[in-house]
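# Report on the structure
Residues per chain, in single letters:
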Amino acid sequence: MAHLVNGLYDTSETFRMARKQLDAVAGAVDLHPDLLARMAAPKRALLVSVPVRRDDGHIDTFAGYRVQHSLTSGPSKGGLRYHPAVDLGEVAALAMWMSWKCAIMNLPFSGGKGGISVDPSKLSLGEKERLTRRYTEEVLSIIGPRQDVMAPDMGTDEQTMAWIMDTYSMKVGYACPEIVTGKPVEIGGITGRREATGRGVVFCVMQALDELGIRPEQATAVVQGFGNVGSVTCQELHQRGVKVVAVGDKDGAVANAAGIDIPALMRFVAGGQSLVKFPGAGPIAADDLLSTPCTVLVPAALERVIHAGNAAKLRCRVLAEGANGPTTPEADAMLAGGDIFVIPDVLCNAGGVTVSYFEWVQDLQQFMWSEEQVNQNLAKLMLDAFGRVRALAKSRNLSNRTAALTLGVQKVAREMTRRGLFP
Ligand code: NAD
């Protein structure tokens, strides 16, 4: 039966990758096959058509998805992605990873994810708003503050969350900020959410450097992606004295061996300019970005960018996975036993969902948190999770990825077992 269900998702390379990781952990921890079958496919997936009236009056219809990997541990929690490559399998894989991530962080959430197969850069603001509101309407039957809570992901932002919050609130008849996280502070968002993922990445990087005996001021970094996660990661590294020597985005990549002036680059990009035109760095081939020698390499854009074809070319000491699923299992096997300290995505980028949890609690309790409280609690939970992953990796001689996934999968398995099977 599990095989039949999986046939729906297996066409996606990203879903096959998530399955391979789960199978590897299941083998290592002797997970009961019945539990494995329940975890191997999402609990629920909704496919919707999202018609949008374009500014010139014609209508385009896009494919939208919302996948709930499980509802075992609490509401499904996960981002909403706008990208042309979004498909059912990718969203299902991202939802599964969210389950393990929430479990590693001990958050009372299960994994979910959503997406629309669309290039957001080709939509006007008005078209994006109509797309978002119509998508919300289409998935209304399965979302809710106790059921499924969305957040920004690639191609979506605070404004997207504000439209979802407004659409949902209009439906239920009262302001309902707890329906989404990562929304603007004025309407119930939490301070520090926008920065949380990048900040969490850098908390992990600092722990890894400390373990390796490398001082931040001796370290260099290369970051792929200069959106929410990539730009904040650059900023936080820069503030701690790490020299960011190369960055890239969908337009290309630039490098400066003396260190890029990150605040100046942030201002340049915020002014609407393309990163590749930044005068404070020279262009390099996008394909060379990941193999640029550095202490810390941070992929913070797409999945599967580190694969069998380039894994051997990495010249970093720490691989900090800001993106979800940036390293394929084949590449992972090549890195295993080498001297690259891998901070796996399910741990490294968990700062976002952690502060989303604080935001959800803040909205449910209608009790505002200060930025200081947010950052202190984020640091505490990230360092605690980092410590538990490293302790398991060392005690059982596991890779950091296997250790992290083991913690996540085993927690969900314990909860499923305790709850039993209905009816
Ligand atoms: P974003 O849309 O803000 O930024 C994405 C960045 O990736 C942009 O700079 C874009 O130019 C770049 N990019 C796109 N295609 C590229 C390509 N082919 N080569 C190089 N760069 C490319 O997205 P984000 O929110 O920063 O998310 C980035 C990654 O982090 C995704 O994998 C996402 O799932 C993951 N993530 C995000 C959050 C969050 O809180 N936003 C939390 C956890 C994980």
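Everything below is about the structure shown above.
Chains are numbered independently. Their residues run from 1 in the order of the written sequence. Owing to the predicted nature of the model, reporting of local features is limited to residues with pLDDT of at least 70; listing and counting of side-chain atom pairs is limited to 80 or more, with chain, interface and lining totals taken over all residues. Processing note: side-chain calculations cover all non-hydrogen atoms of the structure and skip hydrogens and water entirely.

### Some words on the sheet that holds strand 1 (residues 44-53)
Selection criterion: The pairing criterion is simple: DSSP has to find at least two bridges between the two strands. A helix here means a DSSP run of H or I that spans at least four residues, while a strand means a run of E at least two residues long, and both kinds are numbered starting from the N terminus. Here, axes are lines fitted to C-alpha atoms. For helices the fit covers the stretch in contact, and angles between N-to-C directions go from 0 to 180 degrees. Contacts are assigned to residue pairs that have any heavy atoms within 4.5 Å of one another.
One open sheet holds the five strands; their spatial order is 1-2-4-3-5, and the pairing between them is mixed. This sheet does not close on itself; its edge strands, each paired only once, are strand 1 and strand 5 (148-152). Within this sheet the neighbouring strands show an average axis-to-axis angle of 25°, counted without direction. Alignment of strand 3 (residues 76-83) against strand 4 (residues 110-117), held across six bridges, turns out to be parallel. Bridge assignment links K77 to a residue of strand 4, and that residue is G111. Strands in contact with helix 5 (residues 125-139) are strand 1, strand 2 (59-68), strand 3, strand 4 and strand 5; relative to strand 1, the strand with the most contacts, it is inclined by about 145°.

### Regarding the site of the ligand
Stated formally: Nearness here has a simple test: a residue counts as near a molecule or strand if at least one of its heavy atoms is within 4 Å of that partner. Any pair of N or O atoms that falls within 3.5 Å is considered a polar contact. Within protein, one atom must be able to donate a hydrogen and the other to accept it, and sequence-neighbouring residues count only if both atoms are side-chain atoms. Areas reported as accessible are Shrake-Rupley estimates using a 1.4 Å probe. Residue values count occlusion only from the protein chains shown. Side-chain classes are defined by residue name, with Ala, Val, Leu, Ile, Met, Phe, Trp, Tyr, Cys and Pro counting as nonpolar, Asp, Glu, Lys and Arg as charged, and the others, Gly among them, as polar.
In the vicinity of the ligand there are 22 residues, among which D153, T197, N228, V229 and N324 approach most closely. The contact in question runs from an oxygen atom of the ligand to an N or O atom on the backbone of K250, over 3.0 Å. Protein burial of the ligand: of its 830 Å² of free accessible surface, 83% is covered by the chains. Secondary-structure elements contributing two or more residues to the shell around the ligand are helix 7 (193-212) and helix 8 (228-239). Split by residue class, the shell around the ligand holds eight nonpolar, nine polar and five charged.

### Some remarks on the nonpolar core
The criterion, for reference: As used in this record, nonpolar core signifies buried Ala, Val, Leu, Ile, Met, Phe, Trp, Tyr and Cys residues forming a set joined through side-chain atoms within 4.5 Å. Note on classification: 1.4 Å probe, protein chains only; a residue is buried when its accessible area is under 20% of the maximum for its type, exposed when over 50%, partly exposed between these limits.
Ranked by internal contacts, the top residues of the largest apolar core, which has 97 residues, are L31, M39, W100, V205, L237, V247 and I343. In terms of residue count, helix 4 (residues 88-104) provides more of this core than any other element does, 13 residues in total. Sequence-distant contacts of L237, that is, excluding residues within four places in its chain, are made with V202, V205, M206, A221, V223, V242 and V244.

### Brief notes about helix 6 (residues 158-172)
To be explicit about the condition: Helix span is expected to be 1.5 Å times the residue number reduced by one.
Relative to the 21 Å expected for 15 residues at 1.5 Å per residue, helix 6 spans 21 Å between its end C-alpha atoms, a close match to the ideal helical length. Among the residues of helix 6, those classed as buried are T160, M161, A162, W163, I164, M165, T167, Y168 and S169. Of the residues flanking the start of helix 6, the one acting as N-cap is D157, its side-chain oxygen 3.1 Å from the backbone nitrogen of Q159. Positive backbone phi, approximately 90°, marks G173, located one or two places after helix 6.

### Some remarks on the pairing of strand 5
Regular strands place side chains that alternate from one sheet face to the opposite one. Most of strand 5 is tucked away: four of the five residues are buried. Bridge count between strand 3 and strand 5: five bridges; the pairing is parallel. Directly across from K77, in strand 5, lies its bridge partner V149.

### Quick word on the packing of helix 4 against helix 14 (residues 400-419)
Stated precisely, the cut-off is as follows: These descriptions rest on fixed angle ranges, namely under 35 degrees for roughly parallel, over 145 for roughly antiparallel, 65 to 115 for roughly perpendicular, and the rest for oblique.
Taken N-terminus to C-terminus, the directions of helix 4 and helix 14 make an angle of 90°; their axes are 8 Å apart at the nearest point. The orientation of helix 4 relative to helix 14 falls into the category roughly perpendicular. In this structure, helix 4 contributes S99, W100, A103 and I104 to the contact, and helix 14 contributes A404, L405, L407, G408, V409, K411 and V412.

### A look at the pattern of salt bridges
The condition that has to hold: A pair is scored as a salt bridge if a Lys or Arg side-chain nitrogen falls within 4 Å of a carboxyl oxygen belonging to Asp or Glu.
Summed over all chains, the structure comprises 31 salt bridges. Among the ionic pairs, R66 bridges to D148, the shortest N-O distance being 2.7 Å. Within this pair, whereas R66 is found in strand 2, its partner D148 is found in strand 5, the two being separated by 82 residues in sequence. Here R66 matches D148 in class, with each residue buried. With a closest N to O distance of 2.8 Å, D166 and R133 form a salt bridge. Separated by 33 residues along the polypeptide, D166 in helix 6 and R133 in helix 5 bring together distant segments of the chain. The network of salt bridges with common partners includes R81, E90, K113, D153 and E303.

### A short note on the side chain of R54
Structurally, the position occupied by R54 is in the loop between strand 1 and strand 2. Within polar-contact distance, the side chain of R54 engages the backbone oxygen of K122 at 3.1 Å. Residues contacting R54, with those up to four places away along its chain left out, are D60, F62, K122, L123, E127 and R130.

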